[in-house]
Amino acid sequence: MEVSLLIARSLEQTIDQIIRDNQELQKLLGNSFDPIIRAADPKFGDFQINGILPLAKQLGLNPRALAMTLLEAIESSQQIHKHYLTFEIAGPGFINIRLNKSLLSEWIRIHHSENVFKNETKHWFKTQKTVIDFPSANTAKQAHIGHLRPMVIGEAIARMLEFCGTKLIRDNHIGDWGTNFGTLIMVLKRNKIDISKFEDPEKALIQIDRLYKEGSHLEKMDPSLRDTSRNELLLLQKGDPTNIQLWQSIVQISNQAFDHLFEQLGVRTDYTLGESFYRDKVDRIYQELSELGIAEESEGALVVWHDEVKKFSRDNKQPFPFNIRKKDGASNYASTDLATVLYRLEHFDAESVIYLTDSRQQDHFQQLFLTTNKWFSQKGYSVPELKHVWWGTILGSDNKPFKTKSGETIKLQALIDEAVERAYSVVSQKNPNLEEEEKQKIAHAVGIGALKYADLSSNRTQDYVFDWDRMLSFEGNTAPYLLYVIARINSIFKKANRQEQSIHTDTSFSIETEYEQTLARKFIQFPIALEQALSDLRPHFLCTYLFELAGTFNSFYNHEKVIHEDMEIQTRRIILCHRTQLILELGLTILGIDTVEHM
Ligand code: ARG
C-alpha cells in the first residue's frame, strides 16, 4: 500500500485488491462488497471498515465470522505492511484500523511541503472544466455588506477547487443591464453632469449612487419623469450612441471601484462578462426554446413551465412560470442567464458551472437548471453539471440584518476599514514594541483575515451574527487565533535556531509520546477535511479542522518540551511544529486568508 495523502482511500483500494486476489473471499462476497473506510471513534482506532454487517445479513452469514475471514486475508497479504497498521475485530462485525507510529512518521516525513500536498490533490478532479460565477454584483451601486459573502465565499471555493486540480474559469457575471440605467441617464442629462470629469472611481461611484437616489426621488415627485427614464432605457437598449456611452462610463466607474475592493479582499476574476454581454445572444434562446416547445407565449410574455417547481402561481393551478422574455419584448435576468449557460458551454467547454448568490435566488436557479437540462438534452448539447451555492444573511446583535446604528446598510469599504482599524488596536495592545510599519501590515492581515474567516467559518446556509469582538479575539475559532499559532511556531524556530529549509530533511524519525501521536493523527485528517469542504462546497469544514488542529498543537506544546537537550527529541518535535504550521498556512491560503510571520 501507498502512504498517500488520503490514507483511507489508499487503504480502501488495497483492501479491495486483496479481496479480488483471494479466491475464497471472491466466492463468498462476489463482486458486491465495497470496503468503505470511515473515520472511527478515536477510542477504537483511526478508521473502521464498514459494510460487513449489511452484507452478511444479505448473504445469510455470521457477520463476525465474515469479518474474521476478511481480517485473515488482510493480515496474510503482502500488500499491507503490518508494522504500519493494527487491525482488530470489534462489536458484531466491524474491523477497526489503527495507524501505527511508523505509518504516522512516514506520512509526516513525506508530506513536507505545499507542493507535495498539491501533487496529490491535483488528481482529485482531473478533467472537470468548471466556470465559477462570482461575485457578480449589480453595477452602479456602491458595494455594501451584502457583497462580502459572494467575494469571500466565492474566492475560498475557487481556491479550494483550483488547489485540487479543477480547471477553473472565474467569470464575474455583473448585473450591468438593469432598469436603473434609465433613471441614471435621465438624471445625468437633466442635471447636465459630465461623467467623464469624475476622477477617483470610488468617489465617482458614491456620486452615482447619490444621483440614482435623486433620480428616483424626482420620479416620485413628478411621475412624468418615469416615462422619460423608461424612454432613456429603451434608447440604451436600442443602441443609442449617447446613452451607450453614458452607460459604459458608469459601468467602468463601477468596475474600477469593485476592482479596488477585490484587491483588498484578495479576490481574482478572469472574465467580466455581465448581463449586457448577452443582449445580442438572447434571440437564439427564444428561438430554440420555442421550437422545442419548451417555452410558450403567455399573456404576451415568453415563459417556461416546470411541473417540478413546487411554488405555485396565484391561481394555484399552474406552477410558477419562468418568465424568459418580458411582455414588452425586453430580455430579463432569466434570458441573459440562459444565454450565459450556452455561451459557457460553447466558448469555455464548461463541464460544470457553479453559481454563487444569496438564498433568495434559489427559485431562479431551480428554474434555470430545469430549463437548461431539458433544452440541452433535447438539443443534444452536453449538459454541464449545474450547482447553486447559496448562503444566509449576516445579522446584527438584534438578530436582524446587520445595519448601521441609524439603520442604513453598511458599506463594504467602511466594514473593511473598521476591521483593519480594530485589528490595529488589538495588535498594538498585544505587541506595543512593534515598528509602526510592521503594526500596520499585521493589522491589515489580521483585520481582513478576521472579517473573512468569520464569514467562512460558519456554515454558509445558516445566518450568522456579526460580532467584532468575537472575530478579533485570540481565543476561539477565529483568524487571530490561527494566525497567532503560526507566529508562535516561528518564534519556536527562532529559539531552536532552525532555518525552515533544514526541516525538510529526508532523515527518518519516529514520533513517540501520546501528545506527538495525537498531533500526528490530526495531520492526516487535513485531506479528509479538505475533501469534505469540497464535496459540499462548504469552506467551514476546513475552518473547523484548522481550529481543531491549532488546539491539538497547543496542547502538544503545553505538554511537551520542544527545545530539548536531547537533539533527537528536539528534531522530531520541530518537525511536528513545522507540519502544523505548513497545514495551517496552506489551509488559510486555500481559504483566501493571508498569514503573517509574527504578531
Ligand atoms: N447580479 C446578481 C445579483 O446581484 C447575481 C448574479 C449571479 N449570477 C448569475 N449568473 N445569475 O443578485
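If you're wondering where the values come from, they're calculated on a predicted model, not measured in any experiment.

Q: In this structure, what is going on with the environment of Glu597? I would like to understand it.
A: Among the structural elements, Glu597 can be located in the segment after helix 22 (567–591). Separated by 110 residues in sequence, Glu597 and Ala487 place their C-alpha atoms 5.4 Å apart.

Q: Looking at this structure, I do not really get the packing of aromatic side chains. What am I missing?
A: We describe a pair of aromatic rings using the distance from one ring centre to the other and the angle between the two ring planes. By the definition in use, this model includes 21 aromatic pairs. Ring centres of Tyr343 and Phe348 lie 5.8 Å apart, and the angle between their planes is 90°; on these two criteria the pair is classed as edge-to-face. For Tyr343, a relative accessible area of 16% corresponds to the buried category. In this structure Phe348 comes out as buried when scored by relative accessible area, which is 6%. Ring geometry for Phe376 versus Tyr381: centroids 5.4 Å apart, planes at 80°, classification edge-to-face.

Q: Help me out: how do you make sense of the site of the ligand in this one?
A: As a structural note, the neighbourhood of the ligand is formed by Asp133, Ser136, Asn138, His173, Tyr333, Asp337, Tyr355, Thr357, Gln361 and Phe365. Contacts to the ligand include Asp133, whose side-chain N or O atom sits 2.7 Å from a nitrogen atom. Contact distances for the ligand include 2.8 Å between an oxygen atom and a side-chain N or O atom of Gln361. For the ligand, the protein covers 87% of the area, taking 350 Å² as the surface of the free molecule.

Q: Would you mind going over the packing of helix 19 (residues 514–523) against helix 22 with me for this structure?
A: For any two helices packed against each other, one specifies the inter-axial angle together with the distance between the axes. Axis separation between helix 19 and helix 22 bottoms out at 11 Å; the angle between their running directions is 30°. One element, helix 19, and the other, helix 22, form an angle in the roughly parallel class. Crossing handedness for the pair helix 19 and helix 22: left-handed. Where helix 19 approaches helix 22, its residues Glu516, Leu519 and Phe523 are matched on the opposing element by Arg572, Arg573, Leu576, Arg579, Thr580 and Ile583. Here the contact of helix 19 with helix 22 is built from residues that sort into 4 nonpolar, 1 polar and 4 charged.

Q: Hey, could you run me through helix 8 (residues 180–190) in this one?
A: For an α-helix, the turn length of 3.6 residues means that residues three or four places apart are oriented alike. Counting buried positions along helix 8 yields 9 of 11 residues, so the element is predominantly enclosed. Within helix 8, burial applies to Asn180, Phe181, Gly182, Thr183, Leu184, Ile185, Met186, Val187 and Leu188. Looking at the buried residues of helix 8, the elements they touch are helix 9 (201–221), helix 10 (224–238) and helix 11 (241–265). Phi turns positive one or two residues past the end of helix 8, at Lys192, with a value near 50°.

Q: Any chance you could explain the sheet that holds strand 11 (residues 385–391) here in plain terms?
A: To summarise the sheet geometry, strands pair through backbone hydrogen bonds and adopt either a parallel or an antiparallel arrangement. Taken in spatial order, the 4 strands of this open sheet run 6-5-10-11, and their pairing is parallel. In this open sheet, the two edge strands, each paired with only one partner strand, are strand 6 (167–171) and strand 11. Adjacent strand axes in the sheet meet at a mean angle of 20°, parallel and antiparallel pairs treated alike. Pairing of strand 5 (residues 129–133) with strand 10 (residues 352–358) involves 4 bridges; the strand directions are parallel. Within strand 10, the residue paired with Asp133 across the bridge is Tyr355. Across the sheet, helix 7 (residues 148–163) lies against strand 5, strand 6, strand 10 and strand 11, angled at about 160° from strand 6, the strand it touches most. Contacts from helix 14 (residues 362–379) reach strand 10 and strand 11 within the one sheet, and its direction differs from that of strand 11 by about 180°.

Q: How should I be thinking about the pattern of salt bridges in this particular structure?
A: A side chain with one charge can pair with a side chain of the opposite charge if their charged atoms come near. Applying the stated criterion to the full structure yields 33 salt bridges. Residues Asp46 and Arg521 are paired through a salt bridge, measuring 2.5 Å at the closest nitrogen-oxygen approach. Within this pair, whereas Asp46 is found in the loop between strand 1 (36–39) and strand 2 (47–50), its partner Arg521 is found in helix 19, the two being separated by 475 residues in sequence. The pair Asp46 / Arg521 is uniform in exposure class, with both members buried. Between Glu565 and Lys561 there is a salt bridge whose closest N-O contact spans 3.2 Å. Overall, the relative accessible area of 64% leaves Glu565 in the exposed class. Ionic contacts of the salt-bridge type, sharing partners, join the residues Glu155, Arg159, Glu162, Arg170, Arg268 and Asp270 into one network.

Q: I tried to follow the side chain of Ser4 on my own but got confused; where do I start?
A: Looking at where Ser4 falls in the secondary structure, it is placed in the segment before helix 1 (7–21). Looking at Ser4, its side chain comes within polar contact range of the main-chain oxygen of Leu6, at 3.4 Å.

Q: Explanation requested: the sheet that holds strand 9 (residues 322–325) in the structure shown.
A: With antiparallel pairing, 3 strands are arranged side by side in an open sheet as 7-8-9. One side of each edge strand has no neighbouring strand; the edge strands of this open sheet are strand 7 (295–298) and strand 9. The mean angle between the axes of side-by-side strands here comes to 45°, regardless of whether they run parallel or antiparallel. Sheet analysis places strand 8 (residues 301–304) next to strand 9, joined by 3 bridges and oriented antiparallel. Looking at the pairing, Leu302 lines up with Arg325 of strand 9. Across the sheet, helix 12 (residues 282–291) touches strand 7, strand 8 and strand 9, and the angle it forms with strand 9 is around 130°.

Basis of the calculations
- Residues numbered from 1 in each chain as written.
- Predicted model: local features only at pLDDT ≥ 70, side-chain atom pairs only at ≥ 80, totals over all residues.
- Heavy atoms only, no water.
- Helix = DSSP H or I, 4+ residues; strand = E, 2+ residues; numbered from the N terminus.
- Phe/Tyr/Trp six-rings, centres within 6.5 Å; stacked < 30°, edge-to-face > 60°.
- Buried < 20%, exposed > 50% of the residue type's maximum accessible area, 1.4 Å probe, protein only.
- Near = heavy atom within 4 Å.
- Polar contact = N/O pair within 3.5 Å; in protein donor to acceptor, adjacent residues only side chain to side chain.
- Areas by Shrake-Rupley, 256 points an atom, 1.4 Å probe, with all protein chains shown as cover.
- Axes fitted to C-alpha atoms, helices over the stretch in contact; angles between N-to-C directions.
- Parallel < 35°, antiparallel > 145°, perpendicular 65-115°, else oblique.
- Left-handed = near helix turned anticlockwise from the far one by under 90°.
- Contact = heavy atoms within 4.5 Å.
- Nonpolar A, V, L, I, M, F, W, Y, C, P; charged D, E, K, R; others polar.
- Pairing = 2+ DSSP bridges.
- Salt bridge = Lys/Arg side-chain N within 4 Å of Asp/Glu carboxyl O.

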